[in-house]
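Here's the letter readout for the chains.
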Amino acid sequence: MIKKDYAINGGAESIALAVVNVLIKGEVKEVIPAFTKYSIRRRNLSKTMESADVTKVLPTVFGFTSPSIFRAENVQLSDFYGNEIPTELDEHVLVYLDKADNLNLFECLTEPLPSEVVECENVADAYNRVSTSFALAQLPQKDEWVGLCEVTTKENVLSQIREFANKHKMNGTVAQAYFGLRYTISVLQKAALTKTTPLEDNTSCRSMAEATQLYDAVKLALGAKAAGQTRYVKALNTSVNLYSFKQVLDALGALRPAECKAILDAPSESKGETLTACIGGHVGLGGMQEAA
């Protein structure tokens, strides 16, 4: 994105505005892409996004429309950097219609940008088209990022997590927790973009067999529904950090019916804490003997 000086006020003054080259119906044209107060806010590219190879972006078409409908309704137009665009420059202006797949690509893609001019009846019609496009757009959920990361990094642990999630019909966040992992979407994005494993050198995780052991123990003690919920697995991971994996498995097997009921009946915000407390009460010889 570069700036270009335009003469205004009959040539007495000039203003520097951001311009871009677009390709419309086979013709390259230099335009001032305009934005309004209704435009979707572009995000600052994070360090994760800086690692993206923009040559790998799938093809996209930028949508623009005439500034005239906005002028007719007194909607102010601004350039890419927020500078107000004078009406007398409208012959050089096209108003950008936000699209999820290219909203953040103005400064990334090689020009000219493949574009189309959309005929809109008025401002409401223009943003109805924007709204419809965004409503139908879909970003990957965390489970899907696990899959994308698996195929780009060839990380076996991710393959096991996805297999585990599918087998037990749970989401990827819960499945990760059973393996003792907690990847955020940004970590998975960075791994998928760089094609490198999200596992750090010093990161250890449970095996499929251990994850299955923990799942079976939770299911037996608290039921299948609880076994598929993040709060319980996170609480057990806290207990594993305090004690050991074997001690936690033994404690789960020793939970009394009254304790299981107390855990399940606890308020949502307290269920994890209640489980952790019960596990702690059974860890150690005294607790286990009492349970027996």
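Described in the following lines is the structure provided in the data block. Just so it is clear, the structure is predicted and the values come from calculations on it, not from any experiment.

1. A few points about the pairing of strand β6 (residues 113-117)
In step 1: Note that strand β2 (residues 13-24) and β6 share two bridges and pair parallel. Following the sheet pairing, Leu23 is matched in β6 by Pro114.
In step 2: Bridge analysis of strand β4 (residues 62-65) against β6 gives three bridges, and the strand direction is parallel. Within β6, the position partnered with Phe62 by the bridge is Ser115.

2. Examining the environment of Lys154
In step 1: With respect to the helices and strands, Lys154 occurs in the loop between α4 (142-153) and α5 (156-168).
In step 2: Taking the relative accessible area as the measure of exposure, Lys154 reaches 67% and is therefore exposed.
In step 3: Along the sequence, Lys154 and Thr196 sit 42 residues apart, while their C-alpha atoms lie 8.5 Å from each other.

3. Let's talk about the side chain of Thr153
In step 1: Looking at the element boundaries, Thr153 is found in helix α4.
In step 2: One polar contact links the side chain of Thr153 to the main-chain carbonyl oxygen of Cys149, over a distance of 2.6 Å.
In step 3: For Thr153, the side chain forms a polar contact with the main-chain nitrogen of Glu155, separated by 3.2 Å.
In step 4: When sequence neighbours within four positions are dropped, the list of residues in contact with Thr153 reads Leu158, Ala191, Lys195, Thr196 and Thr197.

4. Here we look at the nonpolar core
In step 1: In this structure, Tyr178, Leu222, Leu252 and Leu275 are the most contacted members of the largest nonpolar core, which totals 46 residues.
In step 2: At seven residues, helix α8 (residues 208-222) tops the list of elements feeding residues into this core.
In step 3: For Leu252, the residues in contact, after removing those within four places along its chain, are Leu214, Ala217, Val218, Ala221, Leu236, Leu275 and Ile279.
In step 4: With 21 residues, the next largest nonpolar core counts Val75, Val123, Ala126 and Val130 among its residues.

5. Some words on the side chain of Asn237
In step 1: Tracing the sequence through the fold places Asn237 in helix α10 (residues 230-242).
In step 2: Sequence-distant contacts of Asn237, that is, excluding residues within four places in its chain, are made with Ala177, Gly180 and Arg206.

6. Observations concerning helix α7 (residues 185-194)
In an α-helix, one full turn covers 3.6 residues, which means residues spaced three or four apart are oriented alike.
In step 1: Considered for burial, the residues of α7 that qualify are Leu188, Gln189, Ala191 and Ala192. Looking down the long axis of α7, one finds its buried residues gathered within 165° of arc, a one-sided arrangement.
In step 2: Just past α7, the residue Lys195 takes up positive phi, approximately 60°.

7. Comments concerning the state of the cysteines
In step 1: One pass over the full model with this rule turns up zero disulfides.
In step 2: Lacking any disulfide linkage, Cys149 is separated from the closest cysteine sulfur, that of Cys205, by 13 Å.

8. Details of the packing of aromatic side chains
In step 1: Taken as a whole, this structure holds 15 aromatic pairs when the rule is applied.
In step 2: Note on Phe80 and Phe106: the rings are 6.0 Å apart at their centroids and 55° apart in plane angle, and the pair reads as tilted. With Phe80 in the loop between α2 (68-72) and β5 (93-97) and Phe106 in the loop between β5 and β6, the pair connects residues that are 26 residues apart, well separated along the chain. A single burial state applies to Phe80 and to Phe106, both of which are buried.
In step 3: One aromatic cluster is present, built from ring pairs that chain together Phe35, Phe62, Phe64, Phe80, Tyr81, Tyr96 and Phe106.
In step 4: Cation over ring: Arg42 sits above Phe35, and NZ or CZ is 4.7 Å from the ring centre.
In step 5: Over the ring of Phe80 we find Arg42; its NZ or CZ atom is 4.0 Å from the centre of that ring.

9. Here's the deal with unusual backbone geometry
In step 1: Omega for the bond connecting Glu111 with Pro112 falls within 30 degrees of zero, at 0°, which places this linkage in the cis form.
In step 2: As for its placement among the helices and strands, Pro112 is situated in the loop between β5 and β6.
In step 3: In the Ramachandran plot, Lys154 falls in the positive-phi region, its phi being about 60° despite a non-glycine side chain.
In step 4: With a phi angle near 60°, Lys195 is a residue other than glycine that sits in the positive phi range.
In step 5: Within the fold, Lys195 resides in the loop between α7 and α8.

10. Details of the pattern of salt bridges
In step 1: For the structure on display, the rule yields nine salt bridges.
In step 2: Measuring nitrogen to oxygen at the nearest pair gives 2.8 Å for the salt bridge that ties Lys246 to Asp250. Of this pair, Lys246 and Asp250 both sit in helix α11 (residues 245-254), separated by four residues, roughly a single helical turn.
In step 3: Judged by relative accessible area, Lys246 falls into the exposed class, the value being 57%.
In step 4: Glu259 serves as the salt-bridge partner of Arg256, at 3.3 Å between the closest nitrogen and oxygen.

Conventions adopted
- Residues numbered from 1 in each chain as written.
- Predicted model: local features only at pLDDT ≥ 70, side-chain atom pairs only at ≥ 80, totals over all residues.
- Heavy atoms only, no water.
- Pairing = 2+ DSSP bridges.
- Helix = DSSP H or I, 4+ residues; strand = E, 2+ residues; numbered from the N terminus.
- Buried < 20%, exposed > 50% of the residue type's maximum accessible area, 1.4 Å probe, protein only.
- Polar contact = N/O pair within 3.5 Å; in protein donor to acceptor, adjacent residues only side chain to side chain.
- Contact = heavy atoms within 4.5 Å.
- Core = buried A, V, L, I, M, F, W, Y, C linked by side-chain atoms within 4.5 Å.
- Arc of directions from axis to C-beta.
- Disulfide = S-S within 2.5 Å.
- Phe/Tyr/Trp six-rings, centres within 6.5 Å; stacked < 30°, edge-to-face > 60°.
- Lys NZ or Arg CZ within 6 Å of the ring centre and 35° of its normal.
- Salt bridge = Lys/Arg side-chain N within 4 Å of Asp/Glu carboxyl O.

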